[in-house]
Amino acid sequence: MTLDPAAQLATLEALAAYLAAAFESGDGGVLMEAFAAAARAEGTTHLAAAAGIPQLELRQAFASGEMSMSTTLAIMKVIDLYMPGAAH
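All values derive from a computational prediction rather than experimental measurement. (Residues numbered from 1 in each chain as written. Predicted model: local features only at pLDDT ≥ 70, side-chain atom pairs only at ≥ 80, totals over all residues. Heavy atoms only, no water.)

Draft legend 1. View of helix H2 (residues 28–40). Spanning 13 residues, H2 covers 19 Å between terminal C-alpha atoms, matching the ideal 18 Å at 1.5 Å per step. For H2, every residue scored as buried is listed here: Leu31, Ala34, Phe35, Ala37, Ala38 and Ala39. Each element contacted by the buried residues of H2 is listed here: helix H1 (12–25), helix H3 (43–51) and helix H4 (55–64). Looking at where H2 begins, the residue whose side-chain oxygen comes 2.7 Å from the main-chain nitrogen of Gly29 is Asp27. (Helix = DSSP H or I, 4+ residues; strand = E, 2+ residues; numbered from the N terminus. Expected span 1.5 Å × (residues − 1). Buried < 20%, exposed > 50% of the residue type's maximum accessible area, 1.4 Å probe, protein only. Contact = heavy atoms within 4.5 Å. Polar contact = N/O pair within 3.5 Å; in protein donor to acceptor, adjacent residues only side chain to side chain.)

Draft legend 2. Spotlight on the side chain of Thr71. Structurally, Thr71 is set in helix H5 (residues 69–82). In this structure the side chain of Thr71 is engaged in a polar contact, spanning 3.0 Å, whose partner is the side chain of Ser68. Not counting residues within four places of it along the chain, the set of residues in contact with Thr71 comprises Ile53, Glu57 and Leu58.

Draft legend 3. Inspection of the nonpolar core at higher detail. If you look at the biggest cluster of nonpolar residues, it comprises 25 residues, and the most contacted ones within it are Leu19, Leu47, Leu58, Phe62 and Ile75. Those elements that provide at least two residues to this core are H1, H2, H3, H4 and H5. Those residues in contact with Ile75, other than ones at most four positions away along the chain, are Leu19, Leu47, Ile53, Leu58, Phe62 and Met67. (Core = buried A, V, L, I, M, F, W, Y, C linked by side-chain atoms within 4.5 Å.)

Draft legend 4. Examining the pattern of salt bridges more closely. Enumeration according to the criterion identifies one salt bridge in this entry. Asp4 is the partner of Arg40 in a salt bridge, and the nearest nitrogen-oxygen pair spans 2.6 Å. Here Arg40, found in helix H2, pairs with Asp4, found in the segment before H1; they are 36 residues apart in sequence, far enough to count as distant. Classification of Asp4 as partly exposed rests on a relative accessible area of 31%. (Salt bridge = Lys/Arg side-chain N within 4 Å of Asp/Glu carboxyl O.)

Below, the structure written as structure tokens:
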């Protein structure tokens with residue numbers, strides 16, 4: 001049985017680290033899998049609030065794999081702020 005990665009992404013910090021790793025991989029397939037997991041993850045509720053994006057809009061963007069530049073930038077800012085061990 002394969003564990004759904006979304007089950008491990010209940011906090012903003014966990015989701016930020018997961019998405020950061022996907023972005024850093026440079027692999028489009030890995031990023032699309034991460035977006036699909038994020039669309040189902042509880043942590044997306046917290047990410048949407050921190051980024052100032054309606055939760056349903058963010059979940060739909062993750063599910064489709066298509067987001068506006070403003071959504072992408074808002075997500076990246078939050079990821080940077082909540083990266084475990086990041087110096088700010």
